[in-house]
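A closer look at the structure
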Amino acid sequence: MTRNTIERDNLRKKAEELCSQLTLEEKISMTAGKDPWSTVPVDRLGIPWIWLADGPHGLRRAPVTTEMGYGDQLPATCFPTASALAASWDRDLLEEVGRALGRECRQQNVDVLLGPGVNIKRSPLAGRNFEYFSEDPMLSGEMGAAYIKGVQSNGVGACLKHFAANNIETRRMHINAAVDDRTLREIYLTPFEIAVKKGNPWTVMACYNRVQGTYGTENRKLLTEILKEEWHSEALVMSDWDAVVDRVKALKAGLHLQMPGGKAPFSLKKIREALESGDLKEPVLDKLIRELIYLILKIRQDKEPVREYSPDEHHALARRIGSRCITLLKNENGILPLSPDGKLKVALLGEFAEDPRYQGNGSSEVRPTKIDTVRDILEREYSGLIELTYARGYSLDDENPLSEAEFLRAVETARASDRTVIMAGLPLSYESEGIDRTHIDLPPSHNRLIEAVADAQPHTIVVLSNGSAVAMPWVDRVPAVLESWVLGQAGAGAIADVLFGKVNPSGKLAETFPARLEDTPAYLNFPGEEGESLYGERIFVGYRWYDKRARTPLFPFGHGLSYTEFSYSGLRLSSEKTTGEKPLEITLDVTNTGSMEGEEVVQIYIHDRVSTLIRPEMELKGFAKIALAPGEKRTVSFEISKRDLSFYDSLKQKWIAESGDFEIRIGSSSRDIRLKAGFAYESLEKQPIVQDEFTFISALWNNEATRAELCRAVPRWISLFTPEGAALKDADMVPFLLDQPLIKLPHFTDGEINVEGVFRLIEICRALEPSI
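Read on for a plain summary of the structure.

Conventions we followed
- Residues numbered from 1 in each chain as written.
- Predicted model: local features only at pLDDT ≥ 70, side-chain atom pairs only at ≥ 80, totals over all residues.
- Heavy atoms only, no water.
- Helix = DSSP H or I, 4+ residues; strand = E, 2+ residues; numbered from the N terminus.
- Rg over C-alpha atoms; globule rule 2.2 N^0.38 Å.
- Buried < 20%, exposed > 50% of the residue type's maximum accessible area, 1.4 Å probe, protein only.
- Contact = heavy atoms within 4.5 Å.
- Areas by Shrake-Rupley, 256 points an atom, 1.4 Å probe, with all protein chains shown as cover.
- Axes fitted to C-alpha atoms, helices over the stretch in contact; angles between N-to-C directions.
- Parallel < 35°, antiparallel > 145°, perpendicular 65-115°, else oblique.
- Left-handed = near helix turned anticlockwise from the far one by under 90°.
- Nonpolar A, V, L, I, M, F, W, Y, C, P; charged D, E, K, R; others polar.
- Pairing = 2+ DSSP bridges.
- Core = buried A, V, L, I, M, F, W, Y, C linked by side-chain atoms within 4.5 Å.
- Salt bridge = Lys/Arg side-chain N within 4 Å of Asp/Glu carboxyl O.
- Disulfide = S-S within 2.5 Å.
- Phe/Tyr/Trp six-rings, centres within 6.5 Å; stacked < 30°, edge-to-face > 60°.
- Lys NZ or Arg CZ within 6 Å of the ring centre and 35° of its normal.
- Bend = angle between axes of the 7 residues up to and from the residue.
- Polar contact = N/O pair within 3.5 Å; in protein donor to acceptor, adjacent residues only side chain to side chain.
- Expected span 1.5 Å × (residues − 1).
- Arc of directions from axis to C-beta.
- Right-handed = clockwise from strand over helix to strand, strands pointing away.

This part takes up the overall build of the chain. Check the secondary structure of the chain and you find 22 helices and 25 strands. Against the compact-globule benchmark of 28 Å for 772 residues, the chain has a radius of gyration of 29 Å, which places it among compact chains. Overall size of the chain, expressed as C-alpha extent along the three principal axes, is 95 × 70 × 55 Å. Taken across its 772 residues, the chain has 60% of its residues classed as buried. Long-range pairs, those at least 24 residues apart, make up 75% of the contacts in the chain between residues at least 6 apart in sequence. Here the chain has roughly 30,100 Å² of accessible surface; of this, 49% comes from carbon and sulfur atoms.

Their axes nearest at 8 Å, the elements helix H1 (residues 3-21) and helix H10 (residues 282-300) cross at an angle of 130°. Put simply, H1 runs oblique to H10. Between H1 and H10 lies a crossing of right-handed hand. Note on element contacts: H10 touches H1 through Asp-286, Ile-289, Arg-290, Ile-293, Tyr-294, Leu-297 and Lys-298, opposite Arg-8, Leu-11, Arg-12, Lys-14, Ala-15, Glu-16, Leu-18 and Cys-19. For the contact of H1 with H10, the residue count by class is 8 nonpolar, no polar and 7 charged.

Read from one edge to the other, the open sheet built from 3 strands follows the order S16-S18-S21, with strand pairing classed as antiparallel. A single partner strand is all that each edge strand has here, and the edge strands are strand S16 (566-573) and strand S21 (633-640). Geometrically, the sheet is characterised by an average inter-axis angle of 25° between neighbouring strands, direction not taken into account. When strand S18 (residues 584-592) meets S21, the two strands line up antiparallel, connected through 8 bridges. Residue Ile-586 lies in a different strand from S21, and its bridge partner there is Phe-638.

For the rest of this paragraph, the subject is the nonpolar core. Met-30, Phe-163, Met-238, Ile-293, Met-472 and Trp-474 are the most contacted members of the largest nonpolar core, which totals 200 residues. Here the element with the most residues in this core is H10; it accounts for 10 residues. Leaving out residues up to four positions away in the same chain, Met-30 has contacts with Leu-22, Val-40, Val-42, Ile-47, Leu-257, Ile-289, Leu-292, Ile-293 and Ile-296. In terms of nonpolar packing, the next biggest core, distinct from the first, is built from 23 residues, Ile-586, Leu-588, Ala-624 and Leu-645 among them.

With that out of the way, let us pick up the pattern of salt bridges. According to the stated counting rule, one finds 63 salt bridges in the structure shown. The closest approach of N and O atoms between Lys-27 and Asp-286, which form a salt bridge, is 2.7 Å. With Lys-27 in helix H2 (residues 24-29) and Asp-286 in helix H10, this residue pair connects regions lying 259 residues apart in the sequence. Considered together, Lys-27 and Asp-286 belong to a single accessibility category, that of buried residues. Two residues, Lys-729 and Asp-730, come together in a salt bridge whose shortest N-O distance is 3.5 Å. Overlapping salt bridges, with partners in common, bring together Arg-128, Glu-131, Lys-161, Glu-169, Arg-172 and Glu-433 in one network.

In total, this model carries 0 disulfides according to the counting rule given. The thiol of Cys-325 is not disulfide-bonded; the next cysteine sulfur, from Cys-78, is found 13 Å away. A relative accessible area of 0% means that Cys-325 is categorised as buried.

Sheet architecture is open: 5 strands sit in the order S1-S2-S3-S5-S8, paired in parallel fashion. Two strands lie at the open edges of the sheet, namely strand S1 (52-54) and strand S8 (236-239), each paired on one side alone. Recorded for the sheet is a direction-independent mean angle of 30° between the axes of neighbouring strands. Across 4 bridges, the pairing between strand S5 (residues 203-206) and S8 is parallel. Note that in S8 the partner of Thr-203 across the bridge is Leu-236.

Looking now at the packing of aromatic side chains. A full pass over the atoms with the stated rule returns 17 aromatic pairs. A ring pair is formed by Tyr-543 and Tyr-605, whose centres lie 5.9 Å apart and whose planes are at 80°; its orientation type is edge-to-face. Here Tyr-605 lies in strand S19 (residues 598-608) and Tyr-543 lies in helix H16 (residues 543-548), a separation of 62 residues in the sequence. Considered together, Tyr-543 and Tyr-605 belong to a single accessibility category, that of buried residues. Ring-pair connections join several aromatic residues into one group, and the members of that group are Trp-89, Tyr-543, Phe-557, Tyr-605 and Phe-623. Between Arg-12 and the ring centre of Tyr-294, over which it is positioned, the NZ or CZ distance is 5.2 Å. One cation-aromatic arrangement involves Arg-300 over Trp-49; the distance from NZ or CZ to the ring centre is 5.7 Å.

By secondary structure assignment, the location of Ala-713 is in helix H18 (residues 704-713). Relative accessible area serves as the criterion here: at 26%, Ala-713 is assigned to the partly exposed category. Considering only alpha carbons, one finds Ala-713 and Gly-98, 615 residues apart in sequence, at a separation of 63 Å. Contact partners of Ala-713, with chain neighbours within four places excluded, come to Glu-752, Ile-753 and Leu-761.

Our next topic: helix H6 (residues 181-199). Most pronounced at Leu-189, the bend in H6 amounts to some 60°, and the proline Pro-191 follows within four residues. Taken across its 19 residues, H6 has 16 buried, putting it largely inside the fold. Two or three places before Arg-182, at the start of H6, stands the capping residue Asp-180, its side-chain oxygen 3.2 Å from that residue's backbone nitrogen. Asn-200 lies just past H6 and shows a positive phi near 50°.

Turning our attention to unusual backbone geometry. A cis amide bond links Lys-161 to the next residue, His-162, at an omega of -10°. Relative to the helices and strands, His-162 resides in strand S3 (residues 157-163). Of note, the amide linkage connecting Phe-526 to Pro-527 takes the cis form, showing an omega dihedral of 0°. Its place among the elements puts Pro-527 in the loop between helix H15 (491-499) and strand S15 (532-534).

With that settled, the discussion passes to helix H22 (residues 755-768). The end-to-end C-alpha distance of H22 is 20 Å, a good match for the 20 Å that 14 residues give at a rise of 1.5 Å each. Of the residues making up H22, those classed as buried are Gly-757, Val-758, Leu-761, Ile-762 and Cys-765. End-on, the buried residues of H22 take up no more than an arc of 145°, which puts them together on one face. Exposed positions of H22 whose direction lies more than 90 degrees from the buried face are Arg-760, Glu-763 and Ala-767. Turning to H22, the residues buried within the fold contact helix H17 (697-701), H18 and helix H21 (745-748).

A word on the pairing of strand S11 (residues 386-391). Two elements, strand S10 (residues 344-349) and S11, share 6 bridges in a ladder whose sense is parallel. What sits directly across from Leu-344, in S11, is Ile-386. Handedness of the β-α-β unit built from S10, helix H12 (residues 374-381) and S11 comes out right-handed.

And the structure:
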């Protein structure tokens, strides 16, 4: 037994002892917070309280737990948001971010950081996309797991959110995610499953919205059956702030903690009444309180001292991290990096150069320790290389628009330069918690500036700041586009480092950029109407949609250029046939064939050549980020498991990997596949032929053993289709009849078998299945 196991068992025993000493009123009081940011202590038993604080890309700690902390929160480092971090495709980097956030939590006495969010970017319109990682469940889950490990390595709990299918901000307090089981499992639950199993978060936050008709805070299927019983998570489950509708139903579903506190007397009264009436059993309450106390004790136990940090140290870290996230979308004729031969005349345009977009709007707003601007960084750090001229070009203040004369001066400034850098993107008001976008366009003033400058200056570089995909009607008229995302307080330095080649860009898109909003998968169903959002695109989210419909996006999932080049070769599989008993090993070689050190993200996709159910053209199942010096070659290895080959069968309610032929596709993006290799999978798992009374008759007829049982059950009916002198098993059954559910046999056989007989037949066939 390990030391950690012993400590965990001791904490559980202590939690059980403390729970047994609580009065009923004390137990009830602990089911909700004391105030906006803390839990209820029980001083007479020495049960302390813990401090929760918003994240996820920086700490938003209120001055005291009784205040919400909007505007007066303590200063903290504002790191790149999740949309930027995911573009790094770098697990180690995410863990490093988590460790830094954990250190800041410890220094500000915060016990639980509310992050990360691993909800899927179903539509580029979703207002909170800046706070989420990706459109792909595997990438989202891996990024989330790494972040969680980093935060919790400091003895601070992470909070995985928002569980689940919280993909819409419009009417989020009531909207129902009308999603089928297969889609829910394959797309929207998979990132949570990966993060839970690999990251082991100490807490999970239930969502505002309804999922399949039931509020996330009251959804026993999600909170208990899947999270606890199936995934074996030990996490405490809390509500999102003010998400609870019915506290008693939430307790029954497995919700430990209602937040915030200070508003809970009504809920607590309802709990008391439910206990008195027997609607809620005290053992259910006791279990949740024991687990809450266990978390509190775990957080409050003696911890290793944490290394103190300085704000300047974390600011420098945020800059380095940001530079690893920036994504080079276009670079014609190698216009980047800017390599001055003599002093280069650079025009810097756009108010973002002086007033940067560095974070999103809503509960995640951080009060940064400092903020860099691109203009200041270029003037301070690169003045020896360039002659810089700045012009606004547009105004971020709608009430104080740019004059026509000032706009024309900006264009002329660009015309007179050797290179022009335009800082453009989405203002803070465009992307916000609680509000979805209605279009994917940049502000008209930004587009106007880019288009006018493109006519005047052929060497124009557009640097975008935005939390999700945007349209680029001018993309064919400029030679370079740099996607900088929402990079936090030190983003300006990261942008400058990439522009001048101090850092070689290595970011890759974690979401597809569409050519038009009308091309997006959820276009007809987002955000929904009459309280429902139909997930009609089903599993075809993001690149899965574009691939299946053979649509060309503006920039594909996984795309991102470098200042160097990489070649792929030598794809090897450990076997051409696998049964899934052990992973299939895949290796390949990657070589830096350029003249500059760089990092490449190797992406592995799997294509199922033939499937019973419709499947995406291919799906991401692995990735690795590697650094290579010029001329260096490295071998990269992956493992493919049975789960990587599986789809979720909603009728059987399980993951199924079918026997058949598959193809490994290795790429630098989803549309830049470099290597392919096929292999066969042979399933050793026997799948049930008969699921229920709605199984088609053909399923029994197509199997020798169950066909014999069908012949014994309805011989007279089958004889009607049997040639003279032939056995019943050789009957020439009519396809129309075979494509009928078993429950219709009484009708078609004219009563030769009744409903009870159908169910007996089903039981007999199921008993045969181990030998089928």
